Structure formats: structure tokens, C-alpha cells
Amino acid sequence: MGSVLDWTQSGAKIALVYDRKEEKQCPSVALFEKNGLERSSFSINEAIDVTLEFLKFNCNSDLLAAVVRGETFDTLKIWYFSNNHWYLKQEIRYLKEDGIKFMWDLTNPLKLMCWTLDGRVISYKFVWVTAVTDNSIAFVVDASKVLVTPFSLSLMPPPMYFLKLEFPSAVRDMAFSSKISQNHLAASLSDGSLCIVELPPLDQWDDLEGQTFKIEASYSGTEYGPMLHLSWLDSQVILGVSHFDEDVHRGYYLHEIEISCSDYRSPGSVTCSGWHAEISHQISLEGVVIGIAPNQLISCSAFVQFDGGKMFEYTSKLGGLQRCDDMAFLSSCPWMDATLVGEKPLLFGLDDNGRLHFERSVLCNNCSSFSFYSNSGEGMMTHLVITTKQDYLFVVDVGDIVHGQLEQKYGNFLPVVVRKKTGENENVFVHLWEKGAQIIGVLHGDESAVILQTPRGNLECVYPRKLVLASIFNALAQGRFRDALLMVRRHRIDFNVIIDHRGWEAFVESAADFVRQVNNLSYITEFICAIKHEDIMETLYKNYVSLPCISGDKSSKTIIDGDKKVYSVLLSIRKALEEQIEETPARELCILTTLAKSSPPVLEDALKRIKVIREMELSTATDPRRKSYPSSEESLKHLLWLSDTEAVFEAALGLYDLSLAAIVALNSQRDPKEFLPLLQELERMPPLLMQYNIDLKLERYESALRHIASAGDSYYEDFISLMKKVPELYPLGLQLIGGDSSKRQQVLEAWGDHLDATKCFEDAATTFLCCFCLDKALKAYRSCGNWMGVLTVAGFMKLGKDDVLQLARELSEELQALGKPGDASKILLEYCGDVDGGVSLLVDARNWEEALRVGFLHRRDDLILVVKNASLECATLLVGEYNEGMEKVGKYLTRYLAVRQRRLLLAAKIKSDELSLGYPDDETASQASSNFSGMSAYTTGTRRGSSASTTLSTSTRGRGRQRNRGKIRAGSADEEAALVDHLKGMSLSEGGKIELKSLLISLLMLGEEDTARKLQRTAEKFQLHQIAAVKLAEDAGSTDNIDEQALTLDHYTQSVRKQVLNSDAFSWQSKVLL
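Predicted model only: the values in this text are computed from it and were never measured.

How each quantity is defined
- Residues numbered from 1 in each chain as written.
- Predicted model: local features only at pLDDT ≥ 70, side-chain atom pairs only at ≥ 80, totals over all residues.
- Heavy atoms only, no water.
- Salt bridge = Lys/Arg side-chain N within 4 Å of Asp/Glu carboxyl O.
- Helix = DSSP H or I, 4+ residues; strand = E, 2+ residues; numbered from the N terminus.
- Buried < 20%, exposed > 50% of the residue type's maximum accessible area, 1.4 Å probe, protein only.
- Patch = residues over 30% accessible without salt bridge, like charges linked within 9 Å, V, L, I, M, F, W, Y side chains within 5 Å.
- Areas by Shrake-Rupley, 256 points an atom, 1.4 Å probe, with all protein chains shown as cover.
- Pairing = 2+ DSSP bridges.
- Axes fitted to C-alpha atoms, helices over the stretch in contact; angles between N-to-C directions.
- Contact = heavy atoms within 4.5 Å.
- Expected span 1.5 Å × (residues − 1).
- Parallel < 35°, antiparallel > 145°, perpendicular 65-115°, else oblique.
- Left-handed = near helix turned anticlockwise from the far one by under 90°.
- Nonpolar A, V, L, I, M, F, W, Y, C, P; charged D, E, K, R; others polar.
- Lys, Arg positive; Asp, Glu negative; His and termini not counted.
- Charge placed at Lys NZ, Arg CZ, Asp CG, Glu CD.
- pLDDT = per-residue confidence, 0-100.
- Phe/Tyr/Trp six-rings, centres within 6.5 Å; stacked < 30°, edge-to-face > 60°.
- Lys NZ or Arg CZ within 6 Å of the ring centre and 35° of its normal.
- Polar contact = N/O pair within 3.5 Å; in protein donor to acceptor, adjacent residues only side chain to side chain.
- Core = buried A, V, L, I, M, F, W, Y, C linked by side-chain atoms within 4.5 Å.

Trainee: Before we go on, may I ask you to explain the pattern of salt bridges in this structure?
Mentor: Proximity of charged atoms lets side chains of opposite charge pair with each other. One pass over the structure, following the stated rule, counts 51 salt bridges. Two residues, K984 and E1034, come together in a salt bridge whose shortest N-O distance is 3.6 Å. With a gap of 50 residues between them, K984 in helix 31 (residues 975-985) and E1034 in helix 33 (residues 1009-1037) connect regions that are remote in the sequence. Overall, K984 belongs to the partly exposed group, its relative accessible area being 33%. Residue E1034 is classed as partly exposed on the basis of its relative accessible area, which comes to 43%. By sharing partners, the salt bridges in this structure join E46, K77, E91 and R93 into a single network.

Below you can see the structure in the form of C-alpha cells.
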């Protein structure tokens, strides 16, 4: 044990060097706890005579660096500990005369400073790069070894591996290319050599598991030293950056290297030797390269990022760098990747501060890792998957990035904001179970998985619901029903996704393809049992309907008939089963399932199929189809298992097959005492009577009525009793009676009594007239207030003059009590000859013109004076009511604007600080409210007036102002809407306008022109105020900025006057009074 040692920053462990020359082995490093217990150790894998110096942990104690001095060169080695294994991640060689020394940065764990004896100071800034390819092959560097694991075949964490590649020296950088059937790996080694490996397609890797392949360095006629930022431009072209210290070639160079292989490459094997690498083009660089990402849109092209986020595009044919300012980043991004969306490449970069950059903007400020997902698996990105520093995984639609909707949907990737905005989080983010877990790769296409690695080193595979649904929708869009069904079963997605993703009508048309592709009756039966009435794309998966694969394809119908959906889908599947699948017992059970799960269940058809099977079993003849069907007992038990046993028993009764009903009852474990007496009683009845009683039990009343009608006249009383019990059967009963007039009159009278009892007096009177029951018809007309019908029926009954007069006076009094003075006046004038009473009732009805006409008809000046005085009084009341109405309109409008301003202030306060749940204090809000009004209660006048006034409601005559829609509760959530409703409810009704016009004409006839003009102007002013107030409130409700200068009632009144004064709303006005 030597003197070279170093403590971790926490002091929990100490690392020291073992000198094992006596054992003829190279030195090793061991780690001990403070109590002297050895925790782990590893060999440095060098010659025996090397010495190890300057053993140092970084500030996080997760990296251990040391200088190894050999005979020909010195080496700086950096190890990393994970999953109880030490990995050599970097090896940098120096000349012996440099005398290299180093120290870690005190605050940055990935920054290391080196210096040499000749005064050179070199700063290294390392970054962790995830080496997982697009086809999910993972590479782990460990000294001169690369551990390879295809995640699509085996999900095993390092240091375990699927196969191992051994290189001549330690690996400093590598790049992988996957083009159709060709998989190439390029590795830059610490000795300056370049190695190329060709791997077979993934489907030929089964024989490679556990093998180790030794890789030879490629031949090159030019020395270019260790290269970094390796990137494949094509299957034969590599791009890389190297650094030279010689005076002639000092600086950074960008190399384009062409590779070729002289050895024979056998299919399915790993090609490890015979590679040649030659520099075809070289460019001197003026700055430090941060990263290189190949351009997937253009062949032999790549994006090169320099310090500061500056972006250039390199194209092999052009041989130079072209600046791309529109794709540059705002700062240096060590993690950079390019992907293809449509016909446009997109560049994403992640800097050291966790900011995710895209097109000179920052998408996320707290990102820890990111990757791309393609639901088609063909390289076209559909989703961006990121993890945040708060340990949340977000799945982002590429459309949201392109259209700039990230802030709206993802709230800067802060979970508390997302929950407030969406109310649901399953489709937006997933909470990671372990702190510090990062994305290392995804499985594209139908796999739809995200692979995460925790700080402990273990791997976990998660399946975000959003990616799973995207892959299912993509499979359905391509018509791959079997793949979609397997994904639904594997991930426990609702089966109705297959039906509802484009609407059940589209699925019905594709049902035959669905059955043919799935071709598994167990899966189809499971699918049938899961069908629901609802459209889950509008309920359970509502937040996923914006996915690109279904937009624009789904039916425009959002409200569906659930029963129709289930019935139609199961009918189409049943037809497809009969056409596509050969006859087997399993197919028959599947068809029975479609009948049992239909909505409503088609149990009678299912029992008919079972009855056919039973008849085949009882038949003595040999039927070749018998082997294609299950036994009747198995079929019946299957049906009973799927359905309600009582419903199946009733369906068997409905077939009028008592033996089948008994078999159903026995197989449903019912007590024989429950069903045997019923079946025995039915068996003793005549057939029609048996069917009638079964129909009554099953409440099939129409069928029961037909059967009892066919049973003969002896059961006529049962026929009438059934119609009285079920009144809906009366029309059918009249049809079944035919031309028998006596029976017809009995049925009509019974029907009329039913209508009269249910207060359908008009229909009852008409029915009584059909059977000549005049007394009952007169009573029904009188009950519904149809005085003309009553007097007409009285004429048919040939009542005496005195009886008609008495009846007319009674009707007049009843109509007055019902609030119909106009009709009562007609009876008095036409049947009783009471002119005084008739005119008085016309005045009460506000029928001014008719009252004047009757007065002049009978030359009664006293009656004309009565009409004049009443009309003047009514005009005075209306003027007062309209003035009070204008005052109320102003108060309601002022209160509305105050409430609206207060709500906008609260909304602005919440929006300004979304992360806090604070609200403006009451003093601030009330101050905004007081800018408009000090009202805190609703006070209105209580004067009474005409039916055309603004405060009285004359619902009995259907005239006057419209009824208000409930009280207004000050400070309630719906106060704004209630205020607008009250303003709208204050408008003049059509009945009020007719009454007002009649009053104006009568005043002009009586010579009261001044009174009429005053009334018309007041009513016009009120109506303009009401219309203007409603329009102002609607405009204020549609804006977020209340302009006190523009939103004034006077301004809107002037504007409305020009627009509506000559419209139909003011047709009640008299032109002579304008």
C-alpha cells in the first residue's frame, strides 16, 4: 500500500493505491471506509512497472482521476463508479517530458485543469453523453471495451451486456450509424487510431449473445490523432474533430474521413478487421467545437456547433461551413441532437444550466435530459420526451412545439401550473419514482417505451400513456387492427379506443378486416365484452384527441346514441364472424356473446340458436354440422353467464316454449318451487290464453291485446280492462274491433273518461263527441275554459233560451276569474246583451279600440266617457312606469360594469402570479368596484300599473314586460349573468306593444294628442335605453378591458337610435306623434 491516497468530499471513503509488483501485477486502486473496511477495488490494467500518482476525487466524489506514469508516455485516467463497478471513461496520453499534473475544479464536478513542465495549461470540460442509438442499441465505454446491449431484445443494466467489443486501447469517443440493414460503429482510441466495426441487423443478433469480439485498428496513411465529436454522415463517411500541438498544424481541424473494407463481410457476423480510413477533406477551425449532429434531410451533411451556440452547416460536396443563424442556440449546448419533422430538420440543445434550446428560443428552463420518439419508427419525430430537475417526465407533441403552444399546454413544465391549467396531468407529465433519473433512450413505434437510468445505475422502462395511445392510433390509422389490439391488451387501455378513435361508424365498415386480422376468438370475445355505450374519446381520453394521427379523421358527431353504437358494432362483428371464421364451437360461443352483449340484449335470437342445437341433439338423423357447434347445455350456460338469468328466463317464455323455459330455469339454479307452478298453470291453458298471460307477465301489452282479442267475445271484458290499465292501447283496440259500432262506442267512451281524468279536456271533449256523449263533452269543454265549445255543444243539445242565458252568465264569471276579460265581454255582448258590462270588461282587458267601437255602436256617450277616463289614467300610469324602468336600467347597468371590473381585476392578479394561490385583498377589489357605483343592494319601485308597464307581469294574458329570471344575489358567482338576464327581461313583450299601440290610437280618437305624444316619447326613450343597456353589457362582457369613456349609456343610446328606430321593434309607434 502506497502513500498516494485521497478522501471523498464527505470523508466517508478513502481511495489509495496498491503497489502489487511483488505479485507481478499492475497497481490497483482500493476504497476503504473510515473504519478500515474495504468496499471495492479495481485494477488500472497497465504494465507492471508503471506508477500511479495524484489520485484525486472531483468535488462531487463521483469521478476519480489519476496520473499513470509509464516508460514511453504518461496517461491521465478518469474512472466512474456505478452499479458496484468502476468504469474507465477517459484516457488522455501525454509525452514523458510534459510531466503532466492536474487538479479538479472546486465547484464544477466535470471540469479538470492540467499543466505541463513547459508551462502549458489545459482545461478539460467533460459532459455525460448517452450512447443509445435510434434503434435502441446501448453502448457503454469501459477502458478498451465497449459493452453492447440492444434494449429491444434485452433490458439489462451495465456492467452486464449482450456482447462485448475489445479495442487495442482505451476508447475516447465513438459514433454509431444505422441505415436499413447496415449498422456501423466508429471508435476513436487514446493512441490516436480509428476503429470501425460493422454489426449485423438486429434480427440476426441471437447467436451473438455473450460473445467477445477483438477489434483491429483501421489502416490510414495519415496521422490525425485522437478525434472527438465523431459523427456518421453516410455509411461510408465519418466527420470528426482533432487537435494538433505541432507548430505547423497547431489548432483544431474538422476531418471528413472515407472508410472502406477489404475483407469479406459475411451476413450475420461482426466485421472487426480489414477497414481502411482516409481523410478526404480537412478544414481548419477557428473556435472550439461543442457538438456535431448529422442532418437527416440532406445526405453527407451535418450541423456543427461552436462555442456560444453558433451554428454552421457542413456539406460534403460543398466542402465548407455555412452559417445558420436561424438555428443557432442562445448559449453553448453540450447535448445537441437533430431530428426530422416533415421536410424540415429541427435542432435541439441542452446547456449546462438545464435550458432546452430550439431555434434561438428556450423551450424549458429546468430540463435534465431529452430524447425523441417516433410513433412510426421511421425516424420522423412525433414527440419530444424530456425530464425536468423536479423529476417529472413530460411528453410533448411536436405540433405544440412548431405552433408555439408549449406555455399554454405545459406551463413551462412546472407540474403545479399544468395541474391548474388542465385539471388533469396523466396526458402531460409522469412523476418519476427516483430522484435524478434521466432518459437514456426510447423504443420507437409500437413499443412506445422510455428507458430511464437512475443514479444507482439500474435501468427502468416506462410506458407513458400518451406515447402508448399515439402508437395505438398510428396502428389504427394504418389499418393494423391486430397490432392495435395487442397493444391495448398489453397496456390495459380501454378496448373502446379501437372503436371510437375515428367514430364507431368507421369501425362498422372495417369490422370484417378487424375479425380477419385478429383471428383469435378469445381476443375477440374479450373485446366484445368491453364495448361501452359512451364515446371514450370524449370522456376518458378527451385530452388526447389532438394527436396528429386522428385529427380530421373522426366523425363530426360528438353526441352519439350509445345503444345504437353497441348494437351496430356487435351486429357488424357477428356478420364478420359468420363470413370470415369457419364454423367451430368457439365461433358459436363468440356469436352468442355478441347477442348477449348487444344493447338491448338480443336474447331471443340467442335462445333460437340454442334451440336449433338442442333439436340437432334430439334428432335421430346424423347431422354433419353437429361437430361445429357446442352442446346446448354449454351454450345455455355461456349465455346465462353473460346475461341476467331472469332476463334469459323471460326471453324463453317470450318464445312461448315452456320446455325451453324449464331448461333455462334449471340451469340458472332456480328453485323449482318458483317456476314449476307457473309453467304447469300455463301448460293447462289454451294456446291464445297462454300467450296472453305470458305477454302480461313480460309487459308486452300490445301483443297481449292482440291475443286476447283473438280469443273471442267471451274475453271481451278482459279486452276492455287491459286498455283501461294501459291507456296507450286504445288506438290499437279501435283497430282490432273493426266495424262493431257498439263496441266502438264503449271503447271511445272509456278512452274519453281516461282523458278527462288526466285533465286532457280538449281531447276528452273531442272523443266524447265521437261517441255522442254530449253531456260529458260539454263538461270537458267547460273544464278547459273553451266557452265557444261549451255553447256549441249546448246548441247540439237544444237547450232552452233561459238555460243558454244562464249558462252564458256562468261562463262569463268563470272567464273573469281566470283573467280573460276580453272573452267574458264577448259573451256578455253576444249572448246576454249586457252592453255596460261588456264595455267595462273591454276596459279591464285594455282593448281600447273595441270598447270605443261598442260605445259608438250603441250611441252611449256615458260609456265613451268611461273609456276616455280609463285610457287617460292608464297613460299616466304607463308614463310613470317607463320613467321608473329607465332608472332601474341605469342601476342594473352600473352594477354590472362594477362587478365586471372587479372580476377582471381578480383575473389579472391571478394571472400575474400563477404559482401563488393568493387573491387580491377585499380593499383593492372594492376600490375598483366603487369606480362605477356604490350600490350594494337592489332597490326597485313597487307601483302598480298597466300590463304594458315595466314592473307589472301579466302572465295570465301573455302581455307586458317579459318575466324576470329569478333574483340577483349580490356577490354570487353568477351575478353578471343574472344582471344581463334582468336587463334583457325588461324589454317590451309583443303583447305589450299591441296594447300600447291600441292605447295611442284611442287617445288620438278621443282628442288627447298631447297625452298620446308624451306617452309615445316616454315609451320610446325607455325602449332605447333598454336595448342600449343590453348591447353595452354584451360588449363589456366580451372584452378584458373596461373603457369608462366609451362604455356609457348615453353613447350607446344615440348609436342604437340610428340603427333600430325604424325597425320592427318600434312598429307600435304612430307616425303622427313622432
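What follows picks up the thread again.
Trainee: What is the right way to read a nonpolar patch on the surface from this model?
Mentor: Together, M103, L106, W115 and V121 give the surface a local cluster of nonpolar side chains, amounting to about 430 Å² of exposed area. Structurally, L106 is set in the loop between strand 9 (101-104) and strand 10 (111-115).

Trainee: Looking at this model, I keep getting lost on the sheet that holds strand 10. Mind explaining?
Mentor: Two modes of strand pairing occur in sheets, parallel and antiparallel, and in both the strands are linked by backbone hydrogen bonds. With antiparallel pairing, three strands are arranged side by side in an open sheet as 9-10-11. Of all the strands in the sheet, the pair left with one neighbour each is strand 9 and strand 11 (121-125). With strand direction ignored, the average angle separating the axes of adjacent strands in the sheet is 20°. Relative to strand 10, strand 9 runs antiparallel, the two being bridged by four bridges. Within the sheet, the bridge partner assigned to K101 lies in strand 10 and is W115.

Trainee: Please clarify how the sheet that holds strand 15 (residues 171-179) should be interpreted in this entry.
Mentor: With respect to topology, three strands assemble into an open sheet ordered 15-16-17, the strand pairing being antiparallel. Here the strands that pair on one side only, and so sit at the sheet edges, are strand 15 and strand 17 (194-199). Taking the axes of each pair of neighbouring strands and ignoring which way they run, one obtains an average angle of 15° across the sheet. For strand 15 and strand 16 (residues 182-189), the ladder comprises eight bridges, and the chain directions are antiparallel. By the bridge assignment for strand 16, A175 is matched with A186.

Trainee: Quick question: what am I supposed to make of the environment of Q305 here?
Mentor: Within the secondary structure, Q305 is located in strand 24 (residues 301-306). Judged by relative accessible area, which is 0%, Q305 ranks as buried. Sequence separation between Q305 and G287 is 18 residues, and the spatial gap between their C-alpha atoms is 9.9 Å. In this structure, Q305 is in contact with V288, V289, I290, G291, K310, M311, F329, S331, S332, C333 and M336, ignoring residues within four places of it in sequence.

Trainee: Teacher, can you tell me more about helix 25 (residues 801-817) here?
Mentor: Every α-helix winds through 3.6 residues per turn, so residues three or four apart in the chain are directed the same way. Between its terminal C-alpha atoms helix 25 stretches 25 Å, which fits the 24 Å expected from 17 residues at 1.5 Å a residue. Packed against the buried residues of helix 25 are helix 23 (774-783), helix 24 (787-796), helix 26 (821-832) and helix 27 (835-844).

Trainee: Whenever I open this one, the packing of helix 31 against helix 33 confuses me. Can you help?
Mentor: Between two packed helices, both the angle of their axes relative to each other and the distance between the axes serve to describe the pair. Where helix 31 meets helix 33, the closest approach of the two axes is 9 Å, and the angle between their N-to-C directions is 155°. With respect to each other, helix 31 and helix 33 are oriented roughly antiparallel. Between helix 31 and helix 33 lies a crossing whose hand is left-handed. In contact with V980, L983 and K984 of helix 31, helix 33 contributes Q1026, A1029, V1030, A1033 and E1034. Classifying every residue of the contact of helix 31 with helix 33 by side-chain character gives five nonpolar, one polar and two charged.

Trainee: Just checking my understanding: could you explain a negative patch on the surface for this structure?
Mentor: A surface patch of negative charge is lined by D203, D206, D207 and E209. Looking at the secondary structure, you find D207 in the loop between strand 17 and strand 18 (212-214).

Trainee: Help me out: how do you make sense of the confidence of the model for the chain in this one?
Mentor: In regions of low pLDDT, the predicted coordinates are not meant to be interpreted in detail. Residues at a pLDDT of 70 or more form 91% of the chain, whose mean pLDDT is 84. Counting interchain partners and residues more than four positions distant, the pLDDT-below-50 stretch residues 547-559 has 26 contacts. Below a pLDDT of 50 lies the segment residues 915-961, which in the model reaches 105 contacts outside its immediate sequence neighbourhood of four places, other chains included.

Trainee: I keep staring at the pairing of strand 25 (residues 311-315) and nothing clicks. Help me out?
Mentor: Remember that side chains alternate between the two faces of the sheet whenever the strand is regular. Within strand 25, five of the five residues are buried, leaving the element largely enclosed by the surrounding structure. Burial along strand 25 is two-sided: M311, E313 and T315 facing one way and F312 and Y314 facing the other are all buried. Here strand 24 pairs with strand 25 via five bridges, running antiparallel. Counterpart to Q305 in the pairing with strand 25 is M311. In textbook terms, the turn of a hairpin is the stretch between consecutive antiparallel strands, and for strand 24 and strand 25 this stretch comprises four residues, one of which, G308, has a positive phi near 90°. The sheet contact formed by strand 25 and strand 26 (residues 320-323) spans four bridges and is antiparallel. Bridging across to strand 26, E313 finds its partner in Q322.

Trainee: For this particular structure, what's the right way to read unusual backbone geometry?
Mentor: Comment: phi is negative for the bulk of residues other than glycine, and the bulk of peptide bonds are trans. Across the junction of P158 and P159, the peptide omega takes the value 10°, indicating a cis bond. Mapped onto the elements, P159 comes out in the loop between strand 13 (145-150) and strand 14 (163-166). Between S599 and P600 the backbone carries a cis peptide bond, its omega angle lying at -5°. Its identity as a non-glycine residue notwithstanding, E359 has a phi of 50°, on the positive side. Note that E359 resides in the loop between strand 29 (356-358) and strand 30 (361-364). Phi is positive for R846, close to 60°, though the residue is something other than glycine. R846 gets classed as partly exposed once you look at its relative accessible area, which sits at 22%.

Trainee: Is there a simple way to explain the packing of aromatic side chains in this structure?
Mentor: How two aromatic rings sit relative to each other is given by the distance of their centres and the angle of their planes. Taken as a whole and judged by the stated rule, the model has 23 aromatic pairs. On the numbers, 6.0 Å between centres and 25° between planes, the contact of Y716 with F719 is stacked. Here the residue Y716 and the residue F719 both occupy positions in helix 19 (residues 716-725), the gap between them amounting to three residues, near one helical turn. Assessed through its relative accessible area of 13%, Y716 is described here as buried. Ring geometry for Y882 and F1022: centres 5.5 Å apart, planes at 25°, overall stacked. You can see Y882 sitting in helix 29 (residues 861-912) and its partner F1022 sitting in helix 33, a full 140 residues away along the chain. Here the aromatic residues F481, F495, F507, F514 and F527 are joined through ring pairs into a cluster of three or more. Over the ring of F81 we find K13, and its NZ or CZ is 5.9 Å from the ring centre. R670 extends its terminal NZ or CZ atom over the ring of F649, reaching a point 4.4 Å from the ring centre.

Trainee: Mind showing me how you'd approach helix 27 here?
Mentor: Burial analysis of helix 27 places seven of its ten residues in the buried class, the great majority of the element. Every buried residue of helix 27 is accounted for by V835, G837, G838, V839, L841, L842 and V843. Contact partners of the buried residues in helix 27: helix 25, helix 26, helix 28 (848-857) and helix 29. Capping the start of helix 27, D834 holds a side-chain oxygen 3.1 Å from the backbone nitrogen of G837, two or three residues further along. Backbone geometry just after helix 27 places R846 at a positive phi near 60°.

Trainee: Help me understand the packing of helix 19 against helix 20 (residues 730-737), please; the structure alone is not making it clear to me.
Mentor: Where helix 19 contacts helix 20, the axes come no closer than 9 Å and their chain directions differ by 155°. In terms of orientation, helix 19 lies roughly antiparallel with respect to helix 20. For the pair helix 19 and helix 20, the contacting residues are F719, M723 and K724 in the first and Y730, G733, L736 and I737 in the second.

Trainee: Got a minute to help me understand the environment of Y94 in this structure?
Mentor: Along the chain, the position of Y94 falls in strand 8 (residues 85-95). In this structure, the C-alpha to C-alpha distance between Y94 and T116, residues 22 residues apart in sequence, is 9.3 Å. Engagement of the side chain of Y94 in a polar contact is seen with the side chain of Y124, the distance being 2.4 Å.

Trainee: Before we go on, may I ask you to explain the pairing of strand 33 (residues 392-397) in this structure?
Mentor: Most of strand 33 sits inside the fold, with six of its six residues counted as buried. The two faces of strand 33 match: Y392, F394 and V396 on one face and L393, V395 and D397 on the other face are all buried. In this structure, strand 32 (residues 383-388) lies alongside strand 33, joined through five bridges in antiparallel fashion. Bridged to I386 within strand 33 is F394. Hairpin remark: strand 32 followed by strand 33, antiparallel, with three residues in the connecting loop; positive phi at D391, about 65°.

Trainee: What's the story with the nonpolar core in this structure? I'm lost.
Mentor: Nonpolar side chains in soluble globular proteins tend to be buried together. Ranked by size, the top nonpolar core spans 74 residues in total, and within it L607 and L653 carry the most contacts. Ranked by size, the runner-up nonpolar core spans 55 residues in total, among them L878, Y896, L1000 and I1042.

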